[in-house]
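Architecture and fold: a report
Listed below, chain by chain, are the residues.
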Amino acid sequence: MKYFTLDRNLAQLALLQRIELADNKLKKIRKIFGRYLFSKVFSKYFINTKKISENYTRIMEEEFNTIKKFIIGKNNFLSIGAGIGGLELLILKNISNSRVSFIEKNYVSDKIKYGWDNSNKEGYNDLNQLDYFLKNNEISKERYQIFDFDKDDFPTNSFDTLLSIYSLDYHYNFEIYSTYLKKIMKKESILIFDTIRPKYFENIFEYIEIVKEDVNTVHKSKRIACQTFK
Ligand SMILES: C[S@@+](CC[C@H](N)C(=O)[O-])C[C@H]1O[C@@H](n2cnc3c(N)ncnc32)[C@H](O)[C@@H]1O
């Protein structure tokens, strides 16, 4: 397997976005020193960037495999809350003529909370880093666009596949995007996201398929693929 090479800045963001990348030593440090010092200092200077790069790549390959059957042959992707974009990079590398639009936040909260965030205040990204990661991996600028959730107008074209991996309805309410999604999703568009309340979406979409179940995590979420708003 060819690993992504993450420099310290990217490895720090990946770790903040994917806390499972923390080893036991880091988890202990977070417990002792608290979330502020962990987010600001330890997540940057107490990490093994090579190990994080390898583990991040492995996780993204696994994510790619869970959604593979829905995305092969598709061209136009929207990703909500992609983080540094490892999964989307694999899509761009593996699917020729694919394009990805990103909607993300452009700040890292002082003390990141990893649960449900009612007011959707938490952000753990840096859009320049996302841009750098894609460019550095030889993705041409014509193949992606980045939208700042807090600033830009969202893309208005329709998409074949819409992804939100451990973001929409996992950390913040689906309602934040529901009007927008209703507007841009075509009948055939597929929206894939992680949620702890899959049943709720049976009243919202015509078709739902469970893609993956996380039974061993605290949240016990399910990844669902949804089609056609009711
Ligand atoms: C747990 S991370 C998941 C990142 C990536 N999808 C992954 O699987 O590694 C959640 C991401 O959602 C982003 N986020 C939070 N609120 C958002 C919003 N309203 N719109 C888009 N992204 C958001 C955060 O900045 C963060 O990068």
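Residues numbered from 1 in each chain as written. Predicted model: local features only at pLDDT ≥ 70, side-chain atom pairs only at ≥ 80, totals over all residues.

Section: the overall build of the protein
Broken down by element type, the protein carries six helices and seven strands. Its helices and strands in sequence order give the protein the pattern α-α-α-β-α-β-α-β-β-α-β-β-β, from N to C terminus. Against the compact-globule benchmark of 17 Å for 230 residues, the protein has a radius of gyration of 17 Å, which places it among compact chains. Principal axes of the C-alpha set define a box for the protein whose edges measure 50 × 35 × 35 Å. The buried share of the protein, taken over its 230 residues, is 36%. Considering only contacts within the protein whose residues lie at least 6 apart along the sequence, 66% involve residues at least 24 apart. (Helix = DSSP H or I, 4+ residues; strand = E, 2+ residues; numbered from the N terminus. Rg over C-alpha atoms; globule rule 2.2 N^0.38 Å. Buried ≥ 20, exposed ≤ 12 C-beta atoms within 10 Å, placed from the backbone. Contact = placed C-beta atoms within 7 Å.)

A closer look at the environment of Thr156
In this fold, Thr156 is placed in the loop between strand 3 (144–148) and strand 4 (159–164). Residues Thr156 and Lys121, spaced 35 residues apart in sequence, show a C-alpha to C-alpha distance of 24 Å.

Notes on the nonpolar core
Ala14, Leu15, Ile52 and Leu191 are the most contacted members of the largest nonpolar core, which totals 53 residues. Residues in contact with Ala14, not counting those within four places in the same chain, are Leu6, Leu21, Ile52, Tyr56, Gly83 and Ile84. (Core = buried A, V, L, I, M, F, W, Y, C linked by C-beta atoms within 7 Å.)

A short note on the site of the ligand
Around the ligand, a shell composed of 20 residues is seen, among which Gln17, Gly81, Gly83, Ile165 and Ser167 lie nearest. Split into classes, the residues belonging to the shell around the ligand amount to nine nonpolar, eight polar and three charged. (Near = placed C-beta within 6 Å. Nonpolar A, V, L, I, M, F, W, Y, C, P; charged D, E, K, R; others polar.)

Comments concerning the sheet that holds strand 2 (residues 99–104)
Taken together, seven strands build an open sheet; the order of strands is 3-2-1-4-5-7-6 and the sheet is mixed. Among the strands making up the open sheet, the edge pair consists of strand 3 and strand 6 (205–213). Within this sheet the neighbouring strands show an average axis-to-axis angle of 15°, counted without direction. As paired elements, strand 4 and strand 5 (residues 185–195) share five bridges and run parallel to each other. Bridge pairing in strand 5 places Leu163 opposite Ile192. Helix 6 (residues 175–184) contacts strand 1 (76–80), strand 4, strand 5 and strand 7 (222–229) of the sheet and is inclined by roughly 145° relative to strand 5. (Pairing = 2+ DSSP bridges. Axes fitted to C-alpha atoms, helices over the stretch in contact; angles between N-to-C directions.)

Some details on unusual backbone geometry
The backbone of Asn97 shows a phi angle near 65°, a positive value even though the residue is not glycine. Relative to the helices and strands, Asn97 is located in the loop between helix 4 (86–94) and strand 2.

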